[in-house]
Amino acid sequence: MANEIASSIRLVSLEDIRQAQSRLRGIAVRTPLLESQLHQPDGATRDDRRLYLKPENLQPIGAFKLRGAFNKIVSLSDEEGKRGVITYSSGNHAQGVAYAARALGVKAVVVMPANAPALKREATASMGAELVLVGPSSAERQAKAEELAAQHGYVIVPPFNDERIIAGQGTIGLEILEDLPEVETVIVPVGGGGMISGIATAIKLSNPSVKVIGAEPELAADAQASFRSGKIVALPAEQVGRTEADGLRTQSVGEINFEHIRKYVDDIVTVSEGEIHEAMKRLASDPKTVAEPSGAVALAAFLFHKNQLPRTKISVVVISGGNIEPQVLAELKRER
């Protein structure tokens, strides 16, 4: 059955990603690459790796999700756009859909878990989206969105399991290669797999020698388990809900995403909650790199799992988002 599903999935092409890049001009920020010394210890021993940060927290919605959401919604037919769109998200994709829908004059409904950070719920509502709150399970919010779509004719804009979404997120990979052709390793957070699918596709189809590594919390290590076993592994909502990285609490990667991951990703590593917290603390030292927990997992992998990463010298770490609760940011700054 798994092979039948895989054979029916069309992998995103480099041309798909280039088309998305054209659609996103003037909408998504072309975020810079910032060379960083965050990994250099205070002692005498130096880390000879060069680290660059890709701060997607600088997007208008504070996260990378705008790229895929806009690429999906702008690609709808006039008839589909008139019906409105619906999505299911713990926060950043919700904001991406709300922002894109408002820009394109399309009605947006967003199904969110009631335990999503208040900052993300309020931001989504402020952009005109209608919110529907459900329980913490990702399966529950997807089921509710599908139910409402069937009732009202809304077009579903999935958070990750969609070719247009993947192509939009893949524009991050194109920018990395254009701005740093000598890059050797790119480390990307993994939740449902939309961003790593797109970035890995863009990079491997352009320069197969570059290593693409996923990073996810130990408490939500479904992507690593899937990658290791060769089949999609789902984890209980109660388990993944324990990680502070709320944007990575997805119970499993998408089927379309998994096929891209299997083909283009080199490995997936996991990080502890303490490591995520330390990475957030270091990133909070610069306003341009402030990260929410989900946005800090790739840096945590770079800082604390050197032995599990490729032995390369030039790495890019993607900061996927910076929508952090104000009180959490204040605590991080006090700890420094």
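It should be emphasised that the depicted structure is a prediction, and the values quoted were computed from it without experimental measurement.

Engineer: I keep staring at the overall build of the chain and nothing clicks. Help me out?
Structural biologist: Looking only at helices and strands, the chain features 15 helices and 10 strands. Taken along the three principal axes of its C-alpha coordinates, the chain extends 65 × 45 × 40 Å. Excluding contacts between residues fewer than 6 apart, the proportion of contacts in the chain whose partners are at least 24 apart in sequence is 73%. Seen as two clouds, the 38 positive and the 41 negative side-chain charges of the chain have centres 3 Å apart.

Engineer: What exactly am I supposed to notice about the environment of Arg 282 here?
Structural biologist: In this fold, Arg 282 is placed in helix H13 (residues 273-283). Arg 282 sits in the partly exposed class, given a relative accessible area of 26%. For the pair Arg 282 and Ala 296, spaced 14 residues apart in sequence, the C-alpha to C-alpha distance is 9.4 Å. Not counting residues up to four positions away in its chain, the partners in contact with Arg 282 are Leu 38, His 39, Leu 303 and Phe 304.

Engineer: How should the layout of surface pockets be read in this particular structure?
Structural biologist: Rolling a probe over the atoms, with the probe sized like a water molecule, indicates the empty space that remains. In this structure, the largest pocket encloses a volume near 620 Å³. Lining the largest pocket are 41 residues, and of these Pro 159, Phe 160, Gly 191, Gly 192 and Thr 250 lie nearest its centre. For the lining of the largest pocket, the secondary-structure elements that each account for two or more residues are helix H5 (92-104), helix H7 (138-152) and helix H9 (194-206). With five residues, H7 is the single largest residue contributor to the lining of the largest pocket.

Engineer: Help me out: how do you make sense of the pairing of strand E7 (residues 185-189) in this one?
Structural biologist: A regular strand places its side chains so that they alternate between the two faces of the sheet. In terms of burial, E7 is a largely internal element, five of the five residues being buried. Side chains of E7 alternate between two faces, with Thr 185, Ile 187 and Pro 189 and Val 186 and Val 188 buried alike. With five bridges connecting them, E7 and strand E8 (residues 211-217) associate as parallel partners. Pairing of Pro 189 across the sheet is with Ala 215, part of E8. After leaving E7, the chain enters H9 and then returns to the sheet as E8, a path that is right-handed. Both E7 and strand E10 (residues 314-319) contribute to a ladder of three bridges, which runs parallel. Within the sheet, the bridge partner assigned to Ile 187 lies in E10 and is Val 317.

Engineer: Just to check I follow, could you spell out the sheet that holds strand E2 (residues 50-55) for this structure?
Structural biologist: Hydrogen bonding along the main chain pairs the strands of a sheet, whether they run parallel or antiparallel. Strand order in the open sheet formed by six strands is E1-E2-E10-E7-E8-E9, and the pairing between neighbours is mixed. Of all strands in the sheet, those bounded by a partner on one side alone are strand E1 (34-36) and strand E9 (267-271). Put simply, the sheet's adjacent strands are angled 30° from each other on average, direction ignored. Docked against the sheet, helix H10 (residues 222-229) engages E8 and E9, running at close to 145° with respect to E9.

Thresholds applied
Residue numbers restart at each chain and count upward from 1, following the sequence in its written direction. The model is predicted, so local features are restricted to residues of pLDDT at least 70 and side-chain atom pairs to those at 80 or more, both for listing and for counting; the totals for chains, interfaces and linings are taken over all residues. The basis for the side-chain values is all heavy atoms of the structure; hydrogens and waters are excluded. Numbering of helices and strands runs from the N terminus; a helix is a DSSP stretch of H or I covering at least four residues, while a strand is a stretch of E covering at least two. What makes two residues a contact is simply this: any of their non-hydrogen atoms within 4.5 Å. Charge counting treats Lys and Arg as positive and Asp and Glu as negative, with His and both chain ends excluded. We put the charge of a Lys on NZ, of an Arg on CZ, of an Asp on CG and of a Glu on CD. Exposure categories follow from relative accessible area, calculated using a 1.4 Å probe and restricted to protein chains: below 20% of the type maximum is buried, above 50% is exposed, and the middle band is partly exposed. In this analysis the probe radius is 1.4 Å and the grid spacing 1 Å, with only protein atoms considered; a cavity is a set of points the probe fits into but cannot get out of, a pocket is an open set with protein on both sides within 12 Å along at least five of seven lines, and lining residues have an atom within 4 Å of a point. Grid points are joined across faces, edges and corners, and a volume is the space filled by probe spheres set on the points. Only strands that DSSP links by at least two bridges are regarded as paired with each other. Handedness of a crossover is defined as follows: orient the strands so they point away from the viewer, and if the path from the first strand over the helix to the second runs clockwise, the crossover is right-handed. To get an axis, a line is fitted to the C-alpha atoms, and for a helix only the part in contact is used. The angle between two axes follows their N-to-C directions and goes from 0 to 180 degrees.

Read these as spatial facts, not as claims about activity.
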